[in-house]
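Examination of the molecular architecture
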Amino acid sequence: MFLGIYREPEFSPGRHLSNDAKILRLVGRALERDGVPVRLANLEEARGEWKKADLIFSMCQGPEAVAELTAWKRKGAFILNDPEASRRTYRDSLCSTLREKELAFPHSEFIPTDLTGPQLEPYRHWFEPP
C-alpha cells in the first residue's frame, strides 16, 4: 500500500483544496490505475497507517510534520519525497543556500510578524500603502 499524506491546510491557505489536495488525489488515482493500492490521509490519520505503507508520498510542509516524517524515515519508512527536501525549501534555508552558492535571488529580510508599537517602527513602511 502506498500512503499519500495531504499538506496541512495552513501551509496553502485558500489554495489547499484547489491545488495541493487535487495534486495528491490525481497522483493517487494514477497509481491505482496501475494497480497500486493507495490510501490518502491527513497527517493525523497517517500516524496510524505509516507502518503498513510500502511507500509514503507526502505534501506536508510544516516544521512539525517534516520532523515527524523524518522520525518515521529513521524508523524505516520509505518516503519518496524526502522530508529534508521539504525543509530545504523554507525561506531561511533556501536563501542561505542560494547565497552560499552565489546564485542571484531577490533581496530578502526576515522580520517578526508579531511586532507592535515601537518595535514595529523600523518596518512600518512595509505595511503602509504607498
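Residues numbered from 1 in each chain as written. Predicted model: local features only at pLDDT ≥ 70, side-chain atom pairs only at ≥ 80, totals over all residues. Heavy atoms only, no water.

1. Brief notes about unusual backbone geometry
At Glu-102, a residue that is not glycine, the phi angle is positive and equals roughly 55°. For Glu-102, the position within the fold is in the loop between helix H5 (91–100) and helix H6 (124–127). (Helix = DSSP H or I, 4+ residues; strand = E, 2+ residues; numbered from the N terminus.)

2. Quick look at the pattern of salt bridges
Throughout the structure, instances matching the rule amount to five salt bridges. Residue Lys-52 is joined to Glu-49 by a salt bridge in which the shortest nitrogen-to-oxygen separation is 3.8 Å. Here Lys-52 falls in the exposed class, since its relative accessible area comes to 55%. Across the pair Lys-73 and Asp-82 runs a salt bridge, and its minimum N-O distance is 2.3 Å. (Salt bridge = Lys/Arg side-chain N within 4 Å of Asp/Glu carboxyl O. Buried < 20%, exposed > 50% of the residue type's maximum accessible area, 1.4 Å probe, protein only.)

3. Some remarks on the confidence of the model for the protein
The predicted model of the protein averages 83 in pLDDT, with 78% of residues at 70 or higher. Confidence, read as mean pLDDT per element, is least for H6 in the protein (66) and greatest for strand S2 (residues 38–41) (97). (pLDDT = per-residue confidence, 0-100.)

4. Section: the nonpolar core
Nonpolar side chains in soluble globular proteins tend to end up buried together. By size, the foremost hydrophobic cluster in this structure holds 14 residues, and its most contacted members are Leu-3, Ile-5, Ile-56 and Trp-72. For this core, the elements supplying multiple residues, two or more each, are strand S1 (2–5), helix H2 (43–46) and helix H3 (63–74). Here the element with the most residues in this core is H3; it accounts for three residues. Once residues within four sequence positions are removed from consideration, Ile-5 is found in contact with Leu-24, Ala-41, Asn-42, Leu-43, Ala-46, Ile-56, Phe-57, Ser-58, Met-59, Cys-60, Leu-69 and Trp-72. Counting seven residues, the second-largest nonpolar core is a separate cluster that includes Leu-24, Val-36, Val-38 and Leu-55. (Core = buried A, V, L, I, M, F, W, Y, C linked by side-chain atoms within 4.5 Å. Contact = heavy atoms within 4.5 Å.)

5. Focus on the packing of aromatic side chains
If you walk through the whole model with that rule in mind, you get one aromatic pair. Both rings, one in Trp-50 and one in Trp-72, keep their centres 5.1 Å apart while their planes meet at 5°; by these two values the pair is stacked. Pair noted here: Trp-50 is in the loop between H2 and strand S3 (55–58) and Trp-72 is in helix H3, with a separation of 22 residues, a long-range link. The two residues Trp-50 and Trp-72 agree in class, both being buried. (Phe/Tyr/Trp six-rings, centres within 6.5 Å; stacked < 30°, edge-to-face > 60°.)

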